Amino acid sequence: MLRVKFSKQFSLYLILMLALFCSACTQDAPEDVSISTKDPTLCDFKTGRCSQSVAGVQLELLITPYNTPSEKPLTVELIGSEALNDLVLRVEGRDMFMGVIPVNLTKVSKTEYNGQLIYGSCSSNYMVWRAFASFTKNGEQHVAMFDFLADSPG
């Protein structure tokens, strides 16, 4: 009898957790709407690099393939308008915690860096990721943020 009671409670708990997990990354966004209609602040890598200016430094991010598919290898390119000291790049979910994904960058030239990235998929069709590029300039730390849509239809 105790075993049946535990099983029912466990089943209810499991169903509740699955429902919470499945709805955590859902946003009401139609599938056929363009990226700019959903959120004009999102990077659209199909149209080119995404730019941010922080502390007088222009940073440009490009991720390929341009549709940024989940669970597939992505190439990350970061270009600065000047050499960047102590550069660190990480990716996190913007609207929900999906872990912290460090991106190991290789310096290609004085101002260009490349790396690889793979992130997990979300159960909804609308998952926004945020890339944080932090660097030091004149002894102060600065951060540029780039938001982009995973599995972008664009």
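Worth saying up front: this structure is predicted, and the values here are computed from it rather than measured. Sequence positions are assigned chain by chain, starting from 1 and proceeding in written order. Given that this is a predicted model, residues contribute local features only at a pLDDT of at least 70 and side-chain atom pairs are listed and counted only at 80 or more, while totals for whole chains, interfaces and linings are drawn from all residues. Only heavy atoms go into the side-chain values, all of them from the structure, while hydrogens and water stay out.

Enquirer: I'd like a rundown of the overall build of the protein chain, residues and numbers included.
Expert: Secondary structure follows DSSP: runs of H or I at least 4 residues long count as helices, runs of E at least 2 residues long count as strands, and numbering of each begins at the N terminus. In terms of helices and strands, the protein chain carries two helices and nine strands. If you list the helices and strands of the protein chain from N to C, you get α-α-β-β-β-β-β-β-β-β-β. Burial status follows relative accessibility: with a 1.4 Å probe on protein chains alone, a residue under 20% of its type maximum counts as buried, one over 50% as exposed, and anything between as partly exposed. Here the protein chain, with 154 residues, has 38% of them falling under the buried criterion. Any pair of residues with heavy atoms lying within 4.5 Å of one another is described as a contacting pair. Within the protein chain, residue pairs in contact and separated by at least 24 positions form 58% of the contacts whose partners lie at least 6 positions apart. Of the roughly 9,300 Å² of accessible surface on the protein chain, a fraction of 55% belongs to carbon and sulfur atoms. Here the accessible surface of atoms and residues is derived via Shrake-Rupley with a 1.4 Å probe, and residues count as covered only by protein chains that are part of the display.

Enquirer: Please give an account of the pairing of strand β1 (residues 50-54) that cites residues and values.
Expert: Relative to strand β2 (residues 57-64), β1 runs antiparallel, the two sharing five bridges. By the bridge assignment, S53 is partnered in β2 with Q58. The antiparallel hairpin formed by β1 and β2 contains two residues in its connecting segment, where A55 sits at a positive phi of about 55 degrees. Any two strands with at least two DSSP bridges between them are considered paired.

Enquirer: Go over the sheet that holds strand β4 (residues 85-93), please, and point to the residues and values.
Expert: Taken in spatial order, the four strands line up as β5-β4-β8-β9 in an open sheet, and their pairing is antiparallel. Only two strands of the sheet have a single partner each, and these edge strands are β5 (100-103) and β9 (140-149). This sheet shows a mean twist of 25 degrees between the axes of neighbouring strands, independent of strand direction. Here β4 pairs with strand β8 (residues 128-137) via seven bridges, running antiparallel. The residue bridging G93 from the neighbouring strand is W129, located in β8. Fitted lines through C-alpha atoms serve as axes, helices being fitted only where they are in contact, and the angles separating the N-to-C directions of these axes extend from 0 to 180 degrees.

Enquirer: I'd like a description of the packing of aromatic side chains, backed by residues and values.
Expert: Side-chain rings of Phe, Tyr and Trp, where Trp is taken by its six-membered ring, are said to pair if the distance between their centres is within 6.5 Å; with planes under 30 degrees apart they count as stacked, over 60 as edge-to-face, and otherwise as tilted. Tallying each qualifying case throughout the model produces three aromatic pairs. Among the aromatic residues, ring-to-ring pairing joins F45, Y119, W129 and F148 into one connected group.

Enquirer: Give me the state of the cysteines: which residues, what numbers.
Expert: Criterion for a disulfide: a pair of cysteine sulfur atoms within 2.5 Å. Taken as a whole and judged by the stated rule, the model has one disulfide. Each disulfide pairs two cysteine sulfurs, and for C43 the partner residue is C50, the sulfurs being separated by 2.0 Å. Taking the sign of the S-S torsion, -75 degrees for the link of C43 and C50, the bridge is left-handed. The two residues C43 and C50 agree in class, both being buried.

Enquirer: Please give an account of the pattern of salt bridges that cites residues and values.
Expert: Any carboxyl oxygen of Asp or Glu within 4 Å of a side-chain nitrogen of Lys or Arg constitutes a salt bridge here. Summed over all chains, the structure comprises seven salt bridges. The shortest N-O distance in the salt bridge between R94 and D147 comes to 3.8 Å. Separated by 53 residues along the polypeptide, R94 in the loop between β4 and β5 and D147 in strand β9 bring together distant segments of the chain. Overall, the relative accessible area of 23% leaves R94 in the partly exposed class. For D147, a relative accessible area of 10% puts it in the buried group.

Enquirer: Could you give an account of the pairing of β4, naming the residues involved and the relevant values?
Expert: Looking along a regular strand, one sees the side chains alternate between the two faces of the sheet. As defined by bridge partners, β4 adjoins β5 across four bridges and the pair is classed as antiparallel. Bridge pairing in β5 links E92 to V100. What sits between the antiparallel neighbours β4 and β5 is a turn of six residues, in which G99 has the positive phi angle 95 degrees.

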